[in-house]
Amino acid sequence: MFFRFFLILLSFFYFGHADIIVQKDTEKLENFSIEYFYDDSRELSIEDIEKIEFTEKVPSQFAFGYKKGNSWFKLKIKNKSQFKEFILYLNEPFFEEVNLFESQKNSWIKRSSGLSVNLNNRDIYDINPLFFINIEPKSTKTFYIQTYAKFAQFGEFQLLNKKALVVQKRLINTSLYTLFLGALIFIIIFNMFLYITIKDVIYLYYVSYIFF
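These figures come from a predicted structure and were not determined experimentally. (Residues numbered from 1 in each chain as written. Predicted model: local features only at pLDDT ≥ 70, side-chain atom pairs only at ≥ 80, totals over all residues. Heavy atoms only, no water.)

## What to know about the pairing of strand β7 (residues 85–90)
- Along β7, five of the six residues are buried, which leaves the element largely enclosed by surrounding structure.
- Bridge count between β7 and strand β10 (residues 130–134): five bridges; the pairing is antiparallel. Looking at the pairing, I87 lines up with F132 of β10.
- By the bridge criterion, four bridges tie β7 to strand β12 (residues 152–160) in an arrangement that is antiparallel. Paired with L90 across the strands is F157, a residue of β12. (Buried < 20%, exposed > 50% of the residue type's maximum accessible area, 1.4 Å probe, protein only. Helix = DSSP H or I, 4+ residues; strand = E, 2+ residues; numbered from the N terminus. Pairing = 2+ DSSP bridges.)

## Describing a nonpolar patch on the surface
- Together, F94, F154 and Y177 make up an exposed nonpolar region whose accessible area comes to about 280 Å².
- Locating Y177 in the fold gives a position in helix α3 (residues 163–198).
- With a relative accessible area of 32%, Y177 lands in the partly exposed category. (Patch = residues over 30% accessible without salt bridge, like charges linked within 9 Å, V, L, I, M, F, W, Y side chains within 5 Å. Areas by Shrake-Rupley, 256 points an atom, 1.4 Å probe, with all protein chains shown as cover. Salt bridge = Lys/Arg side-chain N within 4 Å of Asp/Glu carboxyl O.)

## What about the layout of surface pockets?
- When its volume is computed, the largest pocket comes out at roughly 270 Å³.
- Around the largest pocket, the lining residues are Y177, T178, F180, L181, L184, Y209, I210, F211 and F212.
- Of all the secondary-structure elements, those providing two or more residues to the lining of the largest pocket are α3 and α4 (201–211).
- Sorting elements by how many residues they give to the lining of the largest pocket places α3 first, with five residues.
- Broken down by class, the residue content of the lining of the largest pocket amounts to eight nonpolar, one polar and no charged.
- When grouped by side-chain class, the residues that make up the lining of the second largest pocket number six nonpolar, no polar and no charged. (1 Å grid on protein atoms, 1.4 Å probe; cavity = no way out; pocket = protein on both sides within 12 Å on 5 of 7 lines; lining within 4 Å. Points joined across faces, edges and corners; volume = space filled by probe spheres on them. Nonpolar A, V, L, I, M, F, W, Y, C, P; charged D, E, K, R; others polar.)

## Focus on the pattern of salt bridges
- Overall, the coordinates contain four salt bridges when judged by the stated rule.
- Residue R42 is joined to E97 by a salt bridge in which the shortest nitrogen-to-oxygen separation is 3.2 Å. With R42 in the loop between β3 (33–39) and α2 (46–49) and E97 in strand β8 (residues 97–104), the pair connects residues that are 55 residues apart, well separated along the chain.
- Judged by relative accessible area, which is 33%, R42 ranks as partly exposed.

## Some points on the side chain of S60
- For S60, the position within the fold is in the loop between β4 (56–59) and β5 (61–66).
- Residue classification places S60 among the buried positions, given a relative accessible area of 1%.
- In this structure, S60 is in contact with E30, N31, F32, I34, G155, E156 and F157, ignoring residues within four places of it in sequence. (Contact = heavy atoms within 4.5 Å.)

## Focus: the nonpolar core
- Membership of the largest hydrophobic core comes to 25 residues, with the highest contact counts inside it found for F73, L75, I77, I133, I145, F157 and L159.
- When residues of this core are traced back to their parent elements, those giving at least two are β1 (20–22), β3, β6 (70–79), β7, β8, β10, β11 (139–148) and β12.
- Excluding residues that lie within four positions of it along the chain, L159 makes contacts with V22, E27, K28, L29, I77, F86, I87, L88 and I133.
- Counting six residues, the second largest nonpolar core, distinct from the first, contains I49, F54, F101 and Y144. (Core = buried A, V, L, I, M, F, W, Y, C linked by side-chain atoms within 4.5 Å.)

## Examining the side chain of N79
- If you trace the backbone, N79 turns up in strand β6.
- Residue N79 is classed as buried on the basis of its relative accessible area of 1%.
- There is a polar contact of 3.5 Å between the side chain of N79 and the backbone oxygen of E136.
- Each residue touching N79, except ones within four places of it in the same chain, is listed here: V22, K84, F86, I135, E136, P137, K138 and S139. (Polar contact = N/O pair within 3.5 Å; in protein donor to acceptor, adjacent residues only side chain to side chain.)

## Concerning the packing of aromatic side chains
- If you walk through the whole model with that rule in mind, you get 13 aromatic pairs.
- Ring pairs connect the aromatic residues Y36, F62, F64, F73, F95 and F157, which therefore count as one cluster.
- In this structure, R42 is placed above the aromatic ring of Y148, and the distance from its NZ or CZ to the ring centre is 3.6 Å.
- The residue whose ring lies beneath K74 is F54, and the NZ or CZ to ring-centre distance is 5.9 Å. (Phe/Tyr/Trp six-rings, centres within 6.5 Å; stacked < 30°, edge-to-face > 60°. Lys NZ or Arg CZ within 6 Å of the ring centre and 35° of its normal.)

Honestly, that's just the spatial picture; any functional story needs more than this.
Structure, rendered in structure tokens:
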């Protein structure tokens, strides 16, 4: 009986500290827990989701494998700092859909990112999904994020408060991805040249491997 009572108290303690807390000196927040719900049907709207009690928690650095449905994340952020402008950042660019829902005046505001959204229509010109969010100091705000990927679902959520630093880092990451893609294209062209010149089918296999 005492052991069961202890487990109940422990569960209340755990759920009571589920908020993502931004401290006064926080510049980058990572390694936190997020409430999670999986919609296998891909038919639930934000109005349906807000009525659901999220009973599962996942780390901010997650790996779900291949899923055909929508993943929903509920982020309840408590701002103890003097800042009010933050960036919510997902460090993987391969999600087809990344939608952030924010409640304003009894309605939901939706902002979109991911591969289905042109870079020019995102909060920042960046290949990774990220959103500007506002949380008044000494207040708490809840956001919902819905993701969908045609491939494996994995990534990491981070919360940052230095816009200039984040933009600079994201531009560097974009340059690295561009350099990596350019190197792969160069390898493909070089091996196609070898195949045409030497007529060895192994180079054609290698081009196919690099392409896929």
